[in-house]
Amino acid sequence: MSLPFPILLLLIFSTSSSFFITLAHCKIPRLGISPKMLKNEPDAPTQKLNDPDLKMFYFNQNLDHFTFTPKSYMTFQQRYAIDSKHWAGATDNAPILAFLGEESSLDSDLSAIGFLRDNGPRLKALLVYIEHRYYGKTMPFGSAEEALKNASTLGYLNAAQALADYAAILLHVKEKYSTKHSPIIVIGGSYGGMLAAWFRLKYPHIALGALASSAPLLYFEDTRPKFGYYYIVTKVIKGTSERCYNMIRKSWKEIDRVAAKPNGLLILSKQFKTCAPLNGSFDIKDFLSTIYAEAVQYNRGPSYSVTNVCNAIDNNPPNRKKGLLDRIFAGAVALLGNQSCYDTNMFAHPTNNNKAWRWQTCSEIVMPVGYDKQDTMFPTTPFNMTSYIEGCKTDYGVTPRPHWITTYFGIQDVKLILRKFGSNIIFSNGLSDPYSVGGVLEDISDNLVAIKSNNGSHCQDIVMKSKGDPEWLVMQRDKEIKIIESWISTYQKDLRALNISI
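The structure displayed is predicted, hence computed values, not measured ones.

### Here we look at the state of the cysteines
Any covalent bond linking the sulfur atoms of two cysteines counts as a disulfide. In this structure the tally under the stated criterion is 3 disulfides. Two residues, C275 and C341, share a disulfide whose sulfurs are 2.1 Å apart. In this structure, the disulfide formed by C275 and C341 twists by about 95 degrees around the S-S bond and is classed as right-handed. Of this pair, C275 sits in the loop between helix 9 (264–271) and helix 10 (281–297) while C341 sits in the loop between helix 12 (324–336) and helix 13 (352–361); the two residues are 66 residues apart in sequence, bridging distant segments of the chain. Owing to a relative accessible area of 25%, C341 belongs among the partly exposed residues under this scheme. Cysteine pairing in the protein follows 1-3, 2-4, 5-6, where each cysteine in a disulfide is numbered by its order in the sequence.

In structure tokens:
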């Protein structure tokens with residue numbers, strides 16, 4: 001849609017222009033839905049969604065839902081959209097499908113998410129899309145400049161506040177359409193998928209159920225997976241082409257070898273057609289690792305795929321010998337396309353979305369992603385929590401809370417805890433998505449269902465349908481909607497049994 005700024009948030013920028021965190025401890029891939037942002041596009045797409053059935057609204061939202069200080073009563077305009085074309089109406093208690101925005105603009109989400117539009121007619125549902133606070137045009141304090149200024153204003157950006165925002169808007173929508181008993185199904189992808197699952201757990205009186213697509217709910221310090229993000233990146237590339245995998249693995253030392261030469265950085269800059277002079281070999285290595293990770297995370301073909309990258313690296317051109325770094329550069333071009341130059345310092349001028357997400361990962365969304373020893377395609381650089389915390393303290397003057405998510409949402413023993421108080425959640429994951437290592441991959445109960453596919457990529461089930469979709473993806477989406485239909489059917493039967501009408 002997940003989201004127009006770079007897919008992989010290499011947390012190397014600061015809210016101040018003078019400070020840059022070292023890469024070793026902060027390379028956390030971004031939790032985006034859409035694969036089109038590696039080029040660091042602006043915060044809103046240049047191409048607007050042309051949908052006459054979609055109406056935009058603004059809701060007067062409270063700044064702080066949890067305190068009663070005078071400042072907490074400040075409000076801001078939160079953007080949301082509604083499509084009522086196929087809704088059967090309040091008299092039928094027809095359902096509401098609500099997309100919970102993540103770290104992106106609403107415009108970006110609307111241009112990529114297809115699950116609601118594809119299934120709205122089938123369910124005769126009202127469609128609601130809500131923009132996350134501090135992203136897109138939903139800015140507290142009157143402007144992005146003020147909202148993103150420092151920790152005193154950014155402190156109102158967190159998951160609990162976002163969930164409360166969604167609750168307030170969804171209740172407002174039900175009142176607006178006089179539909180007290182229409183069941184709400186919340187949908188989200190990536191970080192938004194986490195929000196959807198959490199919303200069902202925290203607001204079960206508002207949401208009947210949730211579809212959490214590619215939600216790495218267990219990728220936190222207390223629930224850290226055995227294998228990490230880059231283990232899957234390595235596995236997928238090696239499974240695609242062992243030759244490609246071996247060349248990538250060898251390239252890191254070759255990059256360092258060239259960089260150590262007299263004028264070595266200039267040689268590398270020309271080799272990779274960089275837009276600006278390199279600060280060190282790490283600029284190129286970080287740029288390339290981002291490309292490999294994005295190719296795997298959003299492996300949707302035909303051009304945006306691991307196969308395409310590896311074919312370019314493996315290719316044997318006639319009548320000339322192709323050097324290792326020539327091959328590596330060809331892989332980058334295969335993903336990004338031919339450009340006059342390539343920006344290897346994508347966060348020198350971070351977008352507003354970048355800045356907001358940087359805060360979230362420096363406060364509560366602390367995912368310990370590193371290059372562990374199992375990730376054999378990459379030089380080993382494990383996640384360093386101490387360095388990470390120090391970097392965030394330098395940026396904002398506050399200390400991240402790496403245990404807060406598991407404390408607040410209670411997922412340390414996910415099977416036991418969800419079985420005790422959870423219901424009506426679909427956890428969908430593609431096992432070729434690197435973030436699937438932190439997903440819920442096994443059924444917990446009859447109505448806490450894990451749907452996984454061996455070949456699926458990040459959030460693939462909720463993006464736009466296409467004629468070329470593989471059969472397994474078509475079947476996965478059909479299974480998801482049938483489960484949602486069963487929730488709604490049971491709910492409607494309960495209304496009738498209790499003799500409840502509008």
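Structure's up, so let's keep going.
### Focus: the packing of helix 8 (residues 242–259) against helix 10
Each pair of packed helices can be described by the angle between their axes along with the distance between the axes. At a minimum axis distance of 9 Å, the contact between helix 8 and helix 10 shows a crossing angle of 160 degrees. For the element pair helix 8 / helix 10, the angle class is roughly antiparallel. Once helix 8 is placed against helix 10, the crossing between them reads as right-handed. Each of I248, W252, I255, D256 and A259 in helix 8 lies in contact with helix 10, whose residues at this interface are S281, I284, K285, L288, S289 and Y292. Here the contact of helix 8 with helix 10 is composed, by residue class, of 7 nonpolar, 2 polar and 2 charged.

### Observations regarding the packing of aromatic side chains
Evaluated as defined, the whole model comprises 23 aromatic pairs. Seen from their ring centres, W359 and Y396 are 5.1 Å apart, and the 90 degrees between their planes marks the pair as edge-to-face. Taken as a pair, W359 in helix 13 and Y396 in helix 14 (residues 385–396) lie far apart in primary sequence, 37 residues in all. Here W359 and Y396 have matching classes, each one buried. Geometrically, the ring pair formed by F383 and Y388 is tilted, given 5.3 Å between the ring centres and 45 degrees between the ring planes.

### Concerning helix 13
The buried fraction of helix 13 amounts to 8 of the 10 residues, a majority that puts the element mostly inside the structure. In the core, the buried residues of helix 13 are packed alongside helix 4 (151–154), helix 6 (191–202) and helix 14.

### A closer look at the nonpolar core
Ranked by internal contacts, the top residues of the largest apolar core, which has 121 residues, are V186, F199, V233, I237, L288 and Y292. Per-element tally for this core: the top contributor is helix 5 (residues 159–176), with 9 residues. Apart from the residues within four sequence positions on either side, L288 is in contact with W252, I255, F272, I328 and A332. In terms of nonpolar packing, the next biggest core, distinct from the first, is built from 31 residues, L97, F115, I187 and V449 among them.

### Description of the pattern of salt bridges
Overall, the coordinates contain 15 salt bridges when judged by the stated rule. Here E254 ties to R257 by a salt bridge, and the two come within 2.7 Å at their closest N and O atoms. Residue E254 and its partner R257 are located together in helix 8, separated by 3 residues, close to a single helical turn. As a salt-bridge pair, D478 and K482 come within 3.1 Å of each other at their nearest N and O atoms. Of the two residues, D478 and K482 are both situated in helix 17 (residues 471–497); the distance of 4 residues between them amounts to about one turn of the helix. K482 gets classed as partly exposed once you look at its relative accessible area, which sits at 48%.

Reading the values: rules and limits
- Residues numbered from 1 in each chain as written.
- Predicted model: local features only at pLDDT ≥ 70, side-chain atom pairs only at ≥ 80, totals over all residues.
- Heavy atoms only, no water.
- Disulfide = S-S within 2.5 Å.
- Helix = DSSP H or I, 4+ residues; strand = E, 2+ residues; numbered from the N terminus.
- Buried < 20%, exposed > 50% of the residue type's maximum accessible area, 1.4 Å probe, protein only.
- Axes fitted to C-alpha atoms, helices over the stretch in contact; angles between N-to-C directions.
- Parallel < 35°, antiparallel > 145°, perpendicular 65-115°, else oblique.
- Left-handed = near helix turned anticlockwise from the far one by under 90°.
- Contact = heavy atoms within 4.5 Å.
- Nonpolar A, V, L, I, M, F, W, Y, C, P; charged D, E, K, R; others polar.
- Phe/Tyr/Trp six-rings, centres within 6.5 Å; stacked < 30°, edge-to-face > 60°.
- Core = buried A, V, L, I, M, F, W, Y, C linked by side-chain atoms within 4.5 Å.
- Salt bridge = Lys/Arg side-chain N within 4 Å of Asp/Glu carboxyl O.

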